[in-house]
Amino acid sequence: MPNLTVAKFGGSSVADYAAMSRCADIVLSQPDIRVIVVSASSGVTNLLVDITQVSSVETRLLALQGIEDITFAVLDKLQHKEAVMPSIQALLQRLTTLVKQDNYKFSPAEKDEILSFGERLSSVLFSQVLLERNIAAYCFDVRQVMRTDSHFGKAEPDIKQIKTLCLEKLVPLLNHSVVVTQGFVGGNELLQTTTLGRGGSDYSAALLAEALTADVVQIWTDVVGIFTTDPRLTEQARCINELSFDEAAEMATFGARVIHPATLLPAIRQNIAVFVGSSREPNLGGTWIAKDVENRPAYRAIALRKSQTLITLKSPEMLHAAGFLTRVFDILSRHDISVDLVTTSEISVALTLDQGGMTTAFNCDIDLALSELEQFCDVSVERGLSLIAVIGNHLHSNEGVSGELFNTLERINMRLICHGASKHNLCFLVQDSEAVAVVKQLHNSLFAA
Ligand code: ADP
Ligand code: ASP
Ligand code: MG
């Protein structure tokens, strides 16, 4: 079997015609890229989320106009737009029908169908861009193979089914075509459209790579790799050439948005190397993530996740009833809310929730969960907090953590700290308003050359 690379191009990489052309250059220069996963063009998924969240048709139509503008701007630059016009128009027509339902609250299934249009539009356009560069591209509907459960908003993939379906429906196409397909989107067994959660296209690429036993997954984005912290936060952030699976998974989990938290799971299962690079500057190299890496420094990176919610639950019941925590987590999981940090005392438990982030379904209802919790304990809610995680190796023991880190932390006004549960991270909460300054300060003391 010849080498196979699955390449994923993120939202900014397929934002417009010029960006798509740069991605086509990458595909042309690497014959191993035979499966391509695309995100929606930048901004489109946010507009689709707006459509699902407002009831005013007028406001929805404004969002739809924004999506059409982005789509037609690409279409107008194609040499043969007539080749894709019918597909694009069919997609926009169906979206318009959904948008125009006055005063209507969409069902979870309809919301996922709406969210899928970004990737469905960009994949049609990008396939045509490739065809016009003489690449035999075929636009493939991922719902034929990306089988998931019916957990709309954050569907769970069925790995076995995905493999079987890929072998049956996708592999034969690879003999004569480069397959272009949609990230983020899946389909349940009734063939209803599902989505994998915000930022899920990276995960889609890794799942397809696993099913196709690919050698490499490439994540092409707008930064030249994974940095010691988000390069938008400090100029001192440095690109990391090589990362282990565990370190990268930890970074992704704690908010380094550059890859979706679940992306590493299929890569680890199948030992597939993951590359992260910039589609704007592919010649600048990038980050390789693999099982074994030579260098495992004590401090690897700092991740920041803003707008976290801390809830503190207090009940004397907690002293005696072993079932208290079970009850709490049962309610949170029924509402699709995932918990990041947990600390407990005798009669209280504090939890952080990643509202609107990649680990929580975009349509979960936190207020409903809180009102259920209020029925058996005192609930206090603090919003506007940031979760900062220091990622590294052997951080679970005080020996691993240097005095430098504790000295810096001493000067920071922390709301809560978690240390010891994982050897790869130490994390804490600060006010959103202080978060960037804290990251800069920590970065300076841990990574200054
Ligand atoms: P895409 O649309 O390609 O999926 P994303 O916006 O999801 O791109 O992810 C890329 C962004 O991730 C970068 O622009 C950067 O601001 C952010 N980011 C956060 N942490 C890191 C990090 N440690 N290294 C690199 N980028 C990071
Ligand atoms: N388009 C989806 C989002 O914006 C998925 C992705 O880009 O990975 O969340
Ligand atoms: Mg992303």
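Data block above holds the structure.
So, a few notes on the structure that sits alongside this text. Position numbers for residues start from 1 in each chain and track the written sequence from start to end. Ligands are numbered from 1 and chains lettered from A, in the order in which they are written. Predicted model: local features are reported for residues with pLDDT of at least 70 only, side-chain atom pairs are reported and counted for 80 or more only, and whole-chain, interface and lining totals are derived from all residues. Side-chain measures were taken over the full set of non-hydrogen atoms in the model, leaving aside hydrogen atoms and water.

A word on the site of ligand 1
Part 1: T221, D222, F227, D230 and R232 are the nearest of the 18 residues found near ligand 1.
Part 2: A 3.5 Å cut-off defines polar contacts: any pair of N or O atoms within that distance qualifies, except that in protein one atom must be a possible hydrogen donor and the other a possible acceptor, and neighbouring residues in sequence count only when both atoms are side-chain atoms. Here K8 contributes a side-chain N or O atom positioned 3.1 Å from an oxygen atom of ligand 1.
Part 3: Surface accessibility follows the Shrake-Rupley procedure with a 1.4 Å probe radius. Residue values consider only the protein chains on display as shielding. Here ligand 1 has 570 Å² of accessible area as a free molecule, and 89% of this is covered by the chains. Nearness here has a simple test: a residue counts as near a molecule or strand if at least one of its heavy atoms is within 4 Å of that partner.

Structural notes on the pairing of strand β12 (residues 339-344)
Part 1: By definition, two strands form a pair when at least two bridges between them are found by DSSP. Only DSSP runs of H or I reaching four residues or more are called helices, and only runs of E reaching two or more are called strands; each is numbered from the N terminus. Strand direction decides the pairing type here: β12 and strand β13 (residues 348-353), joined by four bridges, are antiparallel. Within the sheet, the bridge partner assigned to T343 lies in β13 and is A350.
Part 2: Connecting β12 to the next strand, β13, in antiparallel fashion are three residues.

A closer look at the site of ligand 2
Part 1: Inspection of the region around ligand 2 gives S39, A40, T45, E119, F184, R198, G199, G200 and S201 as its neighbouring residues.
Part 2: In this structure, an oxygen atom belonging to ligand 2 sits 3.1 Å away from a side-chain N or O atom of S39.
Part 3: Between a nitrogen atom of ligand 2 and a side-chain N or O atom of T45, the distance comes to 2.7 Å.
Part 4: Contact with the protein chains removes 86% of the 270 Å² of surface that ligand 2 exposes when unbound.
Part 5: Think of it as three bins: nonpolar holds Ala, Val, Leu, Ile, Met, Phe, Trp, Tyr, Cys and Pro, charged holds Asp, Glu, Lys and Arg, and polar takes everything else, Gly as well. For the shell around ligand 2, a count of residues per class yields two nonpolar, five polar and two charged.

Digging into the pairing of strand β3 (residues 137-140)
Part 1: Where β3 and strand β4 (residues 178-182) come together, four bridges link them in parallel fashion. Looking across to β4, one finds that F140 is bridged to T181.
Part 2: For the crossover that starts at β3, traverses helix α7 (residues 159-170) and ends in the parallel β4, the hand is right-handed. Think of it like this: strands point away, you trace from the first strand over the helix to the second, and a clockwise trace means the crossover is right-handed.

Things to note about unusual backbone geometry
Part 1: The residue F184 is not glycine, and still its phi comes out positive at about 75 degrees.
Part 2: Following the sequence through the fold, F184 ends up in the loop between β4 and β5 (185-187).
Part 3: The phi torsion at N271 lies on the positive side, around 50 degrees, for a residue other than glycine.
Part 4: For N271, the position within the fold is in the loop between α10 (264-270) and β9 (273-278).

A look at the sheet that holds strand β16 (residues 425-431)
Part 1: In space, the six strands of this open sheet follow the order β12-β13-β11-β14-β16-β15, with antiparallel pairing throughout. Bordering the open sheet on either side are β12 and β15 (416-419), each of which pairs with just one other strand. If you compare each strand with its neighbour and ignore which way they point, the axes differ by 25 degrees on average.
Part 2: When checking whether two residues touch, look at their non-hydrogen atoms; a contact exists if any pair is within 4.5 Å. Between N-to-C directions, angles span 0 to 180 degrees; the directions come from axes that are lines fitted to C-alpha atoms, helices contributing only their stretch in contact. Most of the contacts of helix α12 (residues 324-334) go to β13, to which it runs at about 20 degrees, and overall it touches β11 (299-314), β12 and β13.
Part 3: Sitting on the sheet, helix α15 (residues 432-447) touches β11, β14 (378-392) and β16, and the angle it makes with β11 is about 145 degrees.

So, empty space enclosed by the protein
Part 1: Cavities and pockets were defined on a 1 Å grid built over protein atoms only: a cavity is a set of grid points that admits a 1.4 Å probe from which the probe cannot escape, a pocket is an open set flanked by protein on both sides within 12 Å along at least five of seven lines, and lining residues are those with an atom within 4 Å of any such point. Grid points are joined across faces, edges and corners, and a volume is the space filled by probe spheres set on the points. This structure, assessed with the given rule, holds one cavity of 30 Å³ or more.
Part 2: If you go around the largest cavity, the residues you meet are S41, V44, I70, T71, V74, G118, L121, S122 and L125.
Part 3: Among the elements of the structure, α3 (57-75) and α6 (117-131) are those that each provide at least two residues to the lining of the largest cavity.

Looking at the environment of R257
Part 1: Its location among the elements puts R257 in the loop between α9 (245-253) and α10.
Part 2: On the basis of relative accessibility, which here comes to 63%, the residue R257 falls in the exposed class.
Part 3: The spatial distance from the C-alpha of R257 to the C-alpha of Q89 is 33 Å, given a sequence separation of 168 residues. The classification of residues rests on relative accessible area computed with a 1.4 Å probe and restricted to protein chains. Under 20% of the type maximum is buried, over 50% is exposed, and intermediate values are partly exposed.

Quick notes on the state of the cysteines
Part 1: The rule for a disulfide is simple: a pair of cysteine sulfur atoms within 2.5 Å. Taken as a whole, this structure holds zero disulfides when the rule is applied.
Part 2: Just so you know, C166 is unpaired, no disulfide at all, and the nearest cysteine sulfur is the one on C139, 15 Å from it.

Concerning the packing of aromatic side chains
Part 1: Aromatic contacts are taken between Phe, Tyr and Trp rings whose centres are within 6.5 Å, Trp giving its six-membered ring; a plane angle under 30 degrees counts as stacked, one over 60 as edge-to-face, and the others as tilted. Taken as a whole and assessed by the stated rule, the structure comprises four aromatic pairs.
Part 2: Aromatic rings pair up to connect W220, F275 and W288 into one cluster.
Part 3: Over a ring means this: the NZ of a Lys or the CZ of an Arg is within 6 Å of the ring centre and within 35 degrees of the ring normal. The positively charged end of R120 is found above the aromatic ring belonging to F117, 4.5 Å away from the centroid.
Part 4: The ring of F376 carries the charged tip of R327 above its face, separated from the ring centre by 3.9 Å.

Some details on the pattern of salt bridges
Any two side chains of opposite charge can pair, given that their charged atoms come close.
Part 1: Any carboxyl oxygen of Asp or Glu within 4 Å of a side-chain nitrogen of Lys or Arg constitutes a salt bridge here. Tallied over the entire structure, the rule returns 14 salt bridges.
Part 2: Among the salt bridges present, the one from K8 reaches D202, with a minimum N-O distance of 2.6 Å. Here the residue K8 occupies a position in strand β1 (residues 5-9), and D202 occupies one in helix α8 (residues 201-211), the gap between them amounting to 194 residues.
Part 3: Relative accessible area serves as the criterion here: at 3%, D202 is assigned to the buried category.

A closer look at the nonpolar core
Part 1: Of all hydrophobic cores here, the largest spans 104 residues; its most connected members are F9, I36, F126 and I289.
Part 2: Among the elements that make up this core, the one with the highest residue count is α6 (seven residues).
Part 3: Look past the residues within four positions of F9 in its chain and what remains in contact with it is V14, C23, I26, V27, I36, V37, V38, S39, F126 and W220.
Part 4: Within the second largest apolar cluster, 19 residues are counted, among which are L233, L395, L426 and V438. Residues belong to one nonpolar core when they are buried, are Ala, Val, Leu, Ile, Met, Phe, Trp, Tyr or Cys, and are joined through side-chain atoms within 4.5 Å.

A word on a negative patch on the surface
Part 1: Patch membership requires over 30% relative accessible area and the absence of a salt bridge. Like charges are linked within 9 Å, and nonpolar side chains (Val, Leu, Ile, Met, Phe, Trp, Tyr) within 5 Å. Working convention for charge: Lys and Arg count positive, Asp and Glu count negative, and His plus the chain ends are omitted. The atom standing in for a charge is NZ when the residue is Lys, CZ when it is Arg, CG when it is Asp and CD when it is Glu. Taken together, the side chains of D149, E156, D158 and E189 make up a negatively charged region of the molecular surface.
Part 2: Positionally, E156 belongs in the loop between β3 and α7.

Some thoughts on the sheet that holds β9
Part 1: What the eight strands build is an open sheet, ordered β3-β4-β2-β1-β7-β9-β10-β8; its pairing is mixed. Pairing within the sheet leaves two strands with one partner each, and these edge strands are β3 and β8 (242-244). Here the average twist between neighbouring strands, direction ignored, is 20 degrees.
Part 2: Note: β9 against strand β10 (residues 286-290), four bridges, orientation antiparallel. By the bridge assignment for β10, V274 is matched with I289.
Part 3: The strands touched by α6 within the sheet are β1, β2 (33-38), β3 and β4, with β4 carrying the most contacts at an inclination of about 160 degrees.

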